[in-house]
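# Chain and residue survey
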Amino acid sequence: MESTKHSSAEGTNEHQLNAGTTDAGTREPGTTDAGIQSITVIGGGTMGNGIVHVAAMSGFPVTLVETKQEYADRALLTIGKNLTRMVTKEKISQEQMDQTLGRIHTSLSPAEAVANTDLVIEAIPEQFELKKSLFDVIDQHAPEHTILASNTSSISITKLAACTRRPPKVIGMHFFNPVPVMKLVEVIRGLETDDAVTQAVTELAMQMGKVPVPANDSPGFVSNRVLMPMINEAIFTVYEGVATAEDVDQVMKLGMAHPMGPLRLADFIGLDVCLDILHVLYDGFRDPKYRPCPLLVKMVDAGKLGNKTGEGFYKYG
Ligand code: 3HC
């Protein structure tokens, strides 16, 4: 098991969060005014490896935590491929790629990985009980000043915060797939999230080259509360025989200038993830307008989850 620690956060156990400026252009790469100098990302899946990629490229030492070394290696391979694509397209130099990879360490132990870090970003599967146990471990082992951020797409930040002894330091940092490309980070404030923590995470997102947008904790936040009903309605139009999946997507691409139609996007996100988020909206608001389309439920039951299983509304080679 490899467990590597970086040394750049020396003394950070004592430091406090400052309400920093938001002028990301004047700072050294890999630091923020609020004192974030090291980041631990837990989970190396699609979102986790993307977050590691952008954090390391912005100059931060990052520890990537996975449950097995082969998963950590797979995440590193994906990051390497995505960086190579950026070198080929002359967006970054080979030297920048090498430096980025050099800033990434891996660990199989969340407890060890968070022992000397300023910010933890959790990006594990969307199961509350799983996140709850992880937050408990992180809370016990991370220094007092450490911010605990979750990349959750739908679980309540307030509820996650309540699993820790530091609710003011718990926040949502919701990234979008593909993380190296999408500019948005939704910054979700839980009921007790401290203003200095919101400021620190906002500044960090800017340092990562992203555009942070604040939202208060509420089912689906802003992004998925708006996106998922559109995807669900697109599925209903197919279900009711109004148009084919291809035609629904064409309408939204050519008529509304969406880069992907809603059904292609649903496949890309994962139909199981879409269904889970719709359940969160339906349960959270008790409003029938979020009722998942029966066709979506049926496809998830059949294991047709989109790109990741090779078939959803489209077939993938
Ligand atoms: N890493 C790095 N770069 C990547 C990448 C990755 N994983 N994937 C794509 N790119 C780059 C490509 O290199 C290319 O760069 P270029 O402009 O310099 O040539 C650029 O992105 C565009 O990629 P492609 O040419 O391969 O393909 P497209 O033009 O079709 O774009 C797309 C692909 C960026 C995925 C585009 O279709 C898109 O923006 N789709 C919508 C994605 C979206 O809505 N994401 C949000 C999902 S919701 C979510 O994540 C939240 C959750 O809670 C559900």
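Keep in mind the model is a prediction, meaning the values are calculated, not measured. (Residues numbered from 1 in each chain as written. Predicted model: local features only at pLDDT ≥ 70, side-chain atom pairs only at ≥ 80, totals over all residues. Heavy atoms only, no water.)

All right, on to the site of the ligand then. The environment of the ligand is made up of 18 residues, and the closest members are Lys89, Lys91, Ser153, His174 and Asn177. Interatomic distance of 2.5 Å between a side-chain N/O atom of Lys91 and an oxygen atom of the ligand. Measuring from an oxygen atom of the ligand, one finds a side-chain N or O atom of Asn224 at 3.1 Å. Bound to the protein, the ligand loses 67% of the 1000 Å² it would expose on its own. Counting residues per element, the ones that place at least two in the shell around the ligand are helix H2 (69-88), helix H8 (223-239) and helix H10 (262-269). Here the shell around the ligand is built from residues that sort into 10 nonpolar, 5 polar and 3 charged. (Near = heavy atom within 4 Å. Polar contact = N/O pair within 3.5 Å; in protein donor to acceptor, adjacent residues only side chain to side chain. Areas by Shrake-Rupley, 256 points an atom, 1.4 Å probe, with all protein chains shown as cover. Helix = DSSP H or I, 4+ residues; strand = E, 2+ residues; numbered from the N terminus. Nonpolar A, V, L, I, M, F, W, Y, C, P; charged D, E, K, R; others polar.)

Attention now goes to the layout of surface pockets. Quantified by volume, the second largest pocket comes out at close to 390 Å³. Lining the second largest pocket are 15 residues, with Asn82, Arg85, Pro178, Pro180 and Val181 sitting closest to its centre. Going through the elements one at a time, helix H1 (46-57) and H2 are the ones with two or more residues in the lining of the second largest pocket. (1 Å grid on protein atoms, 1.4 Å probe; cavity = no way out; pocket = protein on both sides within 12 Å on 5 of 7 lines; lining within 4 Å. Points joined across faces, edges and corners; volume = space filled by probe spheres on them.)

So, about the nonpolar core. Taken as a class, soluble globular proteins show a tendency for nonpolar side chains to be buried jointly. Among the nonpolar cores identified, the biggest contains 38 residues, and Ile39, Leu119, Ile121, Met173 and Phe175 are the most heavily contacted of them. It is H1 that provides the largest number of residues to this core, a total of 6 residues. Excluding residues within four positions of it along the chain, Ile121 makes contact with Ile39, Thr40, Val41, Ile42, Ile51, Ala149, Met173 and Phe175. Listed in part, the 25 residues of the second largest apolar core include Met228, Leu275, Leu281 and Cys293. (Core = buried A, V, L, I, M, F, W, Y, C linked by side-chain atoms within 4.5 Å. Buried < 20%, exposed > 50% of the residue type's maximum accessible area, 1.4 Å probe, protein only. Contact = heavy atoms within 4.5 Å.)

Next up on the list: the pairing of strand E8 (residues 211-216). In terms of strand pairing, strand E7 (residues 184-189) meets E8 through 6 bridges, oriented parallel. When the sheet's bridge partners are listed, Leu184 is paired in E8 with Val211. Taken together, E7, helix H7 (residues 195-207) and E8 constitute a β-α-β crossover, and its handedness is right-handed. (Pairing = 2+ DSSP bridges. Right-handed = clockwise from strand over helix to strand, strands pointing away.)

Residue Asn177 is joined to Pro178 through a cis peptide bond whose omega torsion reads 0 degrees. Mapping Pro178 onto the fold places it in the loop between strand E6 (170-174) and E7. Non-glycine residue Glu90 carries a positive phi angle of around 60 degrees. Position of Glu90 relative to the elements: it lies in the loop between H2 and helix H3 (94-102). The exposure class of Glu90 is exposed, given its relative accessible area of 71%.

It is worth spelling out the packing of aromatic side chains at this point. Inspection of the entire model under this criterion finds 2 aromatic pairs. Taking the centre distance of 6.2 Å and the plane angle of 70 degrees together, the rings of Phe236 and Tyr239 count as edge-to-face. A residue pair is termed a helical-turn pair when its members lie 3 or 4 positions apart in one helix, as Phe236 and Tyr239 do in helix H8 at 3 residues. Looking at Tyr239, the relative accessible area reads 43%, which means it is partly exposed. Directly above the ring of Tyr314 sits Arg264, whose terminal nitrogen or CZ lies 3.8 Å from the centroid. (Phe/Tyr/Trp six-rings, centres within 6.5 Å; stacked < 30°, edge-to-face > 60°. Lys NZ or Arg CZ within 6 Å of the ring centre and 35° of its normal.)

The subject of this paragraph is the domain arrangement of the protein. When the domains of the protein are assigned, the result is domain 1 (9-216) and domain 2 (223-307). Between the C-alpha centres of domain 1 and domain 2 the distance comes to 29 Å. On the domain 2 side, the residues contacting the 7 residues of domain 1 number 5 residues. For the pair domain 1 and domain 2, the summed buried surface comes to about 520 Å²; carbon and sulfur atoms form 52% of the total. Summed over the three residues of domain 1 that lose the most area to domain 2, namely Ser153, Ser154 and Asn177, the buried surface amounts to 61% of that side. Connecting domain 1 to domain 2 are 0 salt bridges. (Domains from an automatic or database assignment. Buried area = accessible area lost by both parts, 1.4 Å probe. Salt bridge = Lys/Arg side-chain N within 4 Å of Asp/Glu carboxyl O.)

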